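# Architecture and fold: a report
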Amino acid sequence: MKIIEVKNLVKKFDGFTAVDNISFEVKKGEIFAFLGPNGAGKTTTIKMLTTLLHPTSGSIRINGFSPINEKDKVRHSFGIVFQDPSVDEELTAYENMEFHAALYNIKPEISKERISELLKLVDLWERRNELVKYFSGGMKRRLEIARGLIHHPKILFLDEPSLGLDPQTRNFLWKYIKEMNKKENMTIFLTTHYMEEAEKIADTIAIIDHGKLIKIGSLDKLKKDTKSNSLEEAFLKLTGHDIREETASPKDRMRLRRKMHGRL
Amino acid sequence: MGVIYIMWLREIKRFWRSKARIVGSLAQPLLFLIALGFGFGPIFQKAGGGNYIEFLAPGIVGMSILFSSMFMGIQVIWDRQFGFLKETLVAPISRYKIMIGRTLGGATIASLQGVIVFFISMLIGFKPHNLFMIPFAFIFMFLIAVLFTSLGTAIASRLEDMQAFQLIMNFLIMPIFFLSGALFPIDNLPNAIQILIKINPLYYGIEGLRTTLTGITQLGLVFDFFILGSLAVIMTIIGGHLFSKIEI
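In this text the structure is predicted, and so the values were computed from the model without any measurement.

We now examine the overall build of chain A. When helices and strands are tallied, chain A shows 10 helices and 9 strands. For 264 residues, the compact-globule estimate of 2.2 N^0.38 gives 18 Å, and chain A sits close to it at 18 Å. Based on the C-alpha atoms only, the size of chain A along its principal axes is roughly 50 × 40 × 40 Å. In chain A, which comprises 264 residues, the share counted as buried stands at 44%.

Before going further, it helps to spend a moment on the overall build of chain B. Regarding its fold elements, chain B presents 11 helices and 0 strands. Going from N to C terminus, chain B has its helices and strands arranged as α-α-α-α-α-α-α-α-α-α-α. Here the C-alpha radius of gyration of chain B, 18 Å, is about what a compact globule of 248 residues would show, namely 18 Å. Taken along the three principal axes of its C-alpha coordinates, chain B extends 60 × 40 × 35 Å. Sorting the 248 residues of chain B into buried and exposed places 47% on the buried side. The long-range fraction of contacts in chain B, counting pairs at least 24 apart against all pairs at least 6 apart in sequence, stands at 82%.

With that out of the way, let us pick up the confidence of the model for chain B. The predicted coordinates of low-pLDDT regions are not to be read in fine detail. Averaged over every residue, the pLDDT of chain B is 91; residues scoring 70 or more account for 100%. When pLDDT is averaged over each element of chain B, helix α7 (residues 134–157) of chain B comes out on top at 95 and helix α2 (residues 19–46) of chain B at the bottom at 88.

Let us look at the interface of chain A and chain B. Every contact between the two is made by 25 residues of chain A and, on the other side, 21 residues of chain B. The class makeup of the residues in the side of chain A that touches chain B is 11 nonpolar, 7 polar and 7 charged.

Once that is clear, we can look at the nonpolar core. In this structure, Ala-33, Ala-146, Phe-157 and Ile-188 of chain A together with Ile-144, Ala-145 and Leu-147 of chain B are the most contacted members of the largest nonpolar core, which totals 137 residues. Of all the elements, α7 of chain B adds the most residues to this core, at 14 residues. The contacts of Leu-147 of chain B, once residues within four sequence positions are left out, are Pro-201, Leu-228, Leu-231, Ala-232 and Met-235 of chain B.

All names here are of chain A. Spatial strand order, β5-β6-β7-β3-β8-β9: 6 strands in an open sheet with mixed pairing. Two strands in the sheet have a free side with no partner beyond their single neighbour: β5 (78–81) and β9 (212–217). The average undirected angle you get between the axes of adjacent strands in this sheet is 15°. Note that strand β3 (residues 31–35) and strand β8 (residues 204–209) share 4 bridges and pair parallel.

Another aspect to go through is the sheet that holds strand β1 (residues 2–13) of chain A. All names here are of chain A. One open sheet accounts for 3 strands, arranged β2-β1-β4; its pairing is antiparallel. The open sheet is flanked by β2 (16–27) and β4 (57–62), the only strands paired with a single partner. Going across the sheet, the axis of each strand differs from the next one's by a mean of 15°, ignoring polarity. Direction of pairing for β1 relative to β2: antiparallel, over a ladder of 8 bridges. If you follow Phe-13 over to β2, its bridge partner there is Phe-16. Contacts from helix α1 (residues 42–49) reach β1, β2 and β4, with the element oriented near 120° to β1.

Rules used in this analysis
- Residues numbered from 1 in each chain as written.
- Chains lettered and ligands numbered in written order.
- Predicted model: local features only at pLDDT ≥ 70, side-chain atom pairs only at ≥ 80, totals over all residues.
- Helix = DSSP H or I, 4+ residues; strand = E, 2+ residues; numbered from the N terminus.
- Rg over C-alpha atoms; globule rule 2.2 N^0.38 Å.
- Buried ≥ 20, exposed ≤ 12 C-beta atoms within 10 Å, placed from the backbone.
- Contact = placed C-beta atoms within 7 Å.
- pLDDT = per-residue confidence, 0-100.
- Nonpolar A, V, L, I, M, F, W, Y, C, P; charged D, E, K, R; others polar.
- Core = buried A, V, L, I, M, F, W, Y, C linked by C-beta atoms within 7 Å.
- Pairing = 2+ DSSP bridges.
- Axes fitted to C-alpha atoms, helices over the stretch in contact; angles between N-to-C directions.

What follows is the structure, encoded as structure tokens:
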């Protein structure tokens, strides 16, 4: 069963195409990774899937609903962990969780139980009454993941979940994502520019570059089709460049500039 | 209702935790009260205007509410920069409710500051003419606060950076303040300026405060209340509309 369906999705900013006619499907219960360099259009795509941006053209179905016409139904269906922190630093960890539960209209008896369960799970229960501004980057990320799960979403979006995390927290996070996926049969859609991340946790990998979807398939399929030994090699063969390529083309610089202005 | 309450609660909690904001927001009205009140007091008296502090105090209460409520809008820009705005924008709730909760929270804080300034003005010599009218003055304070918090939030919804917001605010706040009748009586002013004052929403707020606190009225309390109340509602709706259109 398909839980995400995207057809011919396009997003243009003042004539500049950030997402260029992409189509894909995500099956219920799978871990799906968008792999591509910075500025490839990953975050723009997530924003369109999660009702934050209006597509220029194309159609999207999330859990059977359209993020354009049925925003609230779509918003009930997913949880999201953004690339940049989105917790309220002036509130405590516990208050952030309570706030989220209230936004999703969860009854206090139920939310109380879930909040303590989730905070214990991400190892923040002992520090629940501290203001979030005193937390480290990793702790904030863990809090955001816990928060994104309070309302038991069908789909969890993770935008660059391990960006800026230390290896230990990263490993913990991967283990945890896999567990959530298995236990709750939760569909996970993540974006990453780390080969290792896509390799280790994703069932299906979609390679995206310059706003275009280059190839989609399981790790084995990608390797087999490109006759490569590793994902890195497959990526190189498919896109013609390394993911960590340092010299940016004028087009990349333009994307970066847009990104700095908060548009991508 | 839950959403409005939780947004309101958040504003209150955040404000309560930054004590510097509470103290800082009182410094300016206090300075105005003392410098202008005592500075112009004798001249005002000589010219036959009566006690200037009596005239000025309601104006300064209105000013303190105007300043702090307009700047409440900056919270939206903070939330945008710190990312928290996204959390509220992907939630399955009406953005109008988010906006209303924010506005009521900001307005509660701004009117609370107005109440404090009111009590300070009593310390330096202001005497309300009728104690039973004070609750009505508080209602006017809240309406002024709602009107200008929603205006500030509406403007902030369209902006992304802090500097632009501050620039626009100063550009707006000063004329609104000076042309509101807060500092001087408007009777003998040139016609053009009188018209400017009469299209200024704050004028009706200050009038309402002055009527409830000193008993001297020009337009009548019901009229002031009606104008200010309708403007507050209209502005909240406009603000809610602009807020609901935010894309990130």
